[in-house]
Amino acid sequence: MSQGPSSTNNLYSLQSHILSEEALHPGASGDFSWIVSAISLAGKAIAHRVRRARLENALGEAGETNVQGESQQRMDVIANEILMRCLGSRASIAVLASEEDEEPTIMRRGREGGKYCVLFDPLDGSSTLDANGAVGTIFTILRNDPLIESAEKTICQPGRKQIAAGYILYGPSTAFVITTGSGVALFELDPFIGSFILVQRDIRIPTAKRVYSVNEAYSASFPSGYQAYLTWAHANDYSSRYIGSLCADVHRILLSGGVFLYPPTTSHADGKLRLLYEANPMGMIVEQAGGLSYCATTPTLDVQPTKLHQRVPLVLGSADEVRTVLRHIEAKR
Ligand code: P6P
């Protein structure tokens, strides 16, 4: 993590952080910094629209079903459009891919340039917006390979190859969490100056915390190893916290520890969460903060993706807590 000013007494913005990270890479062109800057701009614009959504009658369903077979919320469409408009103008982007779009959007291929691919879930958890719940934008940045013809093949890279990952959580405050592979930094939006201000650098997840986060309504259909873990947790004074919005559940675990589980269920035999733009970015953040992230018994970041909207089971959080879940899964294999 770059040695910028201490986060306690100086005003240190996301922009300053990006530029100081860039300075660590001699010869950096600034293309990557421009992309993070575009995501920051999109985050501010989406935060504004999320906060005004009820006043502007922008809540509820858009009347369409997305590629996931889920009913699209109007705010999903608005957030997706904002991200496309902010990122589309960056010359360094070859491919954009969104949870909301069936196919990747090819911006530049082959000799047209474009060093990076950006994948995102524009507004994860948007169905909780009607109840004023916290929602988030999840993003990941990959290198482009101009020699690979297919855009989908280009972005199907294991999570270990991500060069940056993060999320923007629209809650009581707007939090911007990012890692570029050397620790995790937390910024908070100061709406009065319109900047994301550094509040914590190099976040470390507590190695243990007796809190699990899972939708227990589906537990009867969980594989037996996950059921055995829950039975063990119930007998060992664990408490449960589940918001049902991935960014909010992960943010709580990042700051105070615990373990998040989304096991295979009857309706989602491979798990519900998407590998490329949900599990991988969250997995990189959690690993960079000293935690663990697994898809069944494989480290999330080692899973080889095969398609853009591929779903996976997910267990992530405090290292000791994830190991306890894995022990129960292994014992029932
Ligand atoms: P369930 C939101 O729809 C989401 O994709 C994630 O944000 C969240 O972790 C999960 O689904 C919640 O799923 O089945 O518990 O409602």
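Since this is a predicted model, take the numbers as computed values, not measurements.

1. A short note on the overall build of the protein
Okay, so step 1: Scanning the protein from N- to C-terminus turns up eight helices and 18 strands.
Okay, so step 2: Its C-alpha atoms give the protein a radius of gyration of 19 Å, within 12% of the compact-globule value 20 Å for 333 residues.
Okay, so step 3: With the C-alpha coordinates aligned to their principal axes, the bounding extent of the protein is approximately 55 × 45 × 45 Å.
Okay, so step 4: In the protein, buried positions account for 55% of the 333 residues.
Okay, so step 5: Relative to all contacts within the protein whose residues are 6 or more apart in sequence, the contacts with residues 24 or more apart total 65%.
Okay, so step 6: Working note: accessible area of the protein is about 14,100 Å², and carbon and sulfur atoms make up 50% of it.
Okay, so step 7: Distance between charge centres in the protein, computed from 30 positive and 34 negative side chains, equals 3 Å.

2. Quick notes on the sheet that holds strand β3 (residues 93-98)
Okay, so step 1: The eight strands lie next to each other as β4-β3-β5-β6-β7-β8-β9-β10, forming an open sheet whose pairing is mixed. Taken across any chain shown, the strands that pair with only one partner, and hence form the sheet edges, are β4 (105-106) and β10 (195-200).
Okay, so step 2: Judged from the seven bridges that link them, strand β6 (residues 135-143) and strand β7 (residues 164-170) form a sheet pairing that is antiparallel. What sits directly across from T137, in β7, is I168.
Okay, so step 3: Helix-sheet contacts for helix α3 (residues 74-87) involve β3, β4, β5 (116-124) and β6, and the interaxial angle to β5 is about 155°.

3. Describing the nonpolar core
Okay, so step 1: I39, L87, V118, L123, I141 and F176 are the most contacted members of the largest nonpolar core, which totals 43 residues.
Okay, so step 2: Here I141 is in contact with F32, I35, V36, I39, Y116, C117, V118, Q162, I163 and A164, once residues within four sequence places are set aside.
Okay, so step 3: Core analysis: the next-biggest nonpolar cluster, separate from the first, contains 30 residues, V177, L246, A248 and L254 among them.

4. Thoughts on the site of the ligand
Okay, so step 1: Of all residues adjacent to the ligand, which total 14 residues, the nearest are D124, N215, Y242, L246 and Y262.
Okay, so step 2: Taking Y242, its side chain carries an N or O atom lying 2.5 Å from an oxygen atom of the ligand.
Okay, so step 3: Protein chains shield 85% of the accessible area of the ligand, which is 400 Å² for the free molecule.
Okay, so step 4: Because more than half of its atoms lie within 2 Å of the grid, the ligand is assigned to the largest pocket.
Okay, so step 5: Listed by contribution, the elements that provide at least two residues to the shell around the ligand are β13 (259-262) and β14 (273-274).
Okay, so step 6: Looking at the shell around the ligand, its residues break down into six nonpolar, four polar and four charged.

5. Re unusual backbone geometry
Okay, so step 1: With a phi close to 55°, N57 is a non-glycine residue in the positive phi region.
Okay, so step 2: Mapped onto the elements of the fold, N57 is located in the loop between α2 (31-52) and β1 (61-65).

6. Things to note about the environment of P26
Okay, so step 1: Secondary-structure assignment places P26 in the loop between α1 (14-23) and α2.
Okay, so step 2: Residues P26 and L83 lie 57 residues apart in sequence; the distance between their C-alpha atoms is 29 Å.

7. Focus on the pattern of salt bridges
Okay, so step 1: In the structure shown here, the tally under the stated rule is ten salt bridges.
Okay, so step 2: Its salt-bridge partner being R274, residue E99 comes within 2.9 Å of it at the nearest N-O pair. Placement of the pair is E99 in the loop between β3 and β4 and R274 in strand β14, with a sequence separation of 175 residues. Residues E99 and R274 agree in their burial class; the two are buried.
Okay, so step 3: Across the salt bridge formed by R333 and E330, the nearest N and O atoms sit 3.6 Å from each other.
Okay, so step 4: Through salt bridges with shared partners, a single network forms among R49, R52 and E56.

8. Topic: α3
Okay, so step 1: When the terminal C-alpha atoms of α3 are compared, their 20 Å separation across 14 residues agrees well with the 20 Å that a helix rising 1.5 Å per residue should span.
Okay, so step 2: Restricting attention to buried positions, one finds in α3 the residues M75, D76, I78, A79, N80, I82, L83, M84, C86 and L87.
Okay, so step 3: Buried residues along α3 sit against α2, β2 (71-73), β3, β4, β5 and β6.

9. Thoughts on the packing of aromatic side chains
Okay, so step 1: Taken as a whole, this structure holds eight aromatic pairs when the rule is applied.
Okay, so step 2: When the centroid spacing of 6.5 Å and the interplanar angle of 80° are considered together, the rings of Y212 and Y229 count as edge-to-face. Placement of the pair is Y212 in strand β11 (residues 211-213) and Y229 in helix α5 (residues 224-234), with a sequence separation of 17 residues. Y229 shares its class with Y212; the two are buried.
Okay, so step 3: Between Y218 and Y262, the aromatic rings sit 6.5 Å apart at their centres with planes inclined by 50°, giving tilted as the arrangement. Linking Y218 in the loop between β11 and α5 with Y262 in strand β13, this pair joins segments that are 44 residues apart in sequence.

10. Observations regarding the pairing of strand β8 (residues 174-179)
Two faces belong to every sheet, and in a regular strand the side chains alternate between them.
Okay, so step 1: β8 sits mainly inside the fold: six of its six residues count as buried.
Okay, so step 2: Both faces of β8 are covered, namely the face carrying T174, F176 and I178 and the face carrying A175, V177 and T179.
Okay, so step 3: A loop of three residues connects β7 with β8, the two strands running antiparallel in sequence.
Okay, so step 4: Relative to strand β9 (residues 184-190), β8 is paired through five bridges, and the arrangement is antiparallel. For I178, the partnering residue across the bridge sits in β9 and is A185.

Here is what the cut-offs are and how they apply
Residues numbered from 1 in each chain as written. Predicted model: local features only at pLDDT ≥ 70, side-chain atom pairs only at ≥ 80, totals over all residues. Heavy atoms only, no water. Helix = DSSP H or I, 4+ residues; strand = E, 2+ residues; numbered from the N terminus. Rg over C-alpha atoms; globule rule 2.2 N^0.38 Å. Buried < 20%, exposed > 50% of the residue type's maximum accessible area, 1.4 Å probe, protein only. Contact = heavy atoms within 4.5 Å. Areas by Shrake-Rupley, 256 points an atom, 1.4 Å probe, with all protein chains shown as cover. Lys, Arg positive; Asp, Glu negative; His and termini not counted. Charge placed at Lys NZ, Arg CZ, Asp CG, Glu CD. Pairing = 2+ DSSP bridges. Axes fitted to C-alpha atoms, helices over the stretch in contact; angles between N-to-C directions. Core = buried A, V, L, I, M, F, W, Y, C linked by side-chain atoms within 4.5 Å. Near = heavy atom within 4 Å. Polar contact = N/O pair within 3.5 Å; in protein donor to acceptor, adjacent residues only side chain to side chain. 1 Å grid on protein atoms, 1.4 Å probe; cavity = no way out; pocket = protein on both sides within 12 Å on 5 of 7 lines; lining within 4 Å. Sits in = over half its atoms within 2 Å of the grid points. Nonpolar A, V, L, I, M, F, W, Y, C, P; charged D, E, K, R; others polar. Salt bridge = Lys/Arg side-chain N within 4 Å of Asp/Glu carboxyl O. Expected span 1.5 Å × (residues − 1). Phe/Tyr/Trp six-rings, centres within 6.5 Å; stacked < 30°, edge-to-face > 60°.

By themselves, these figures tell us nothing about what the structure is for.
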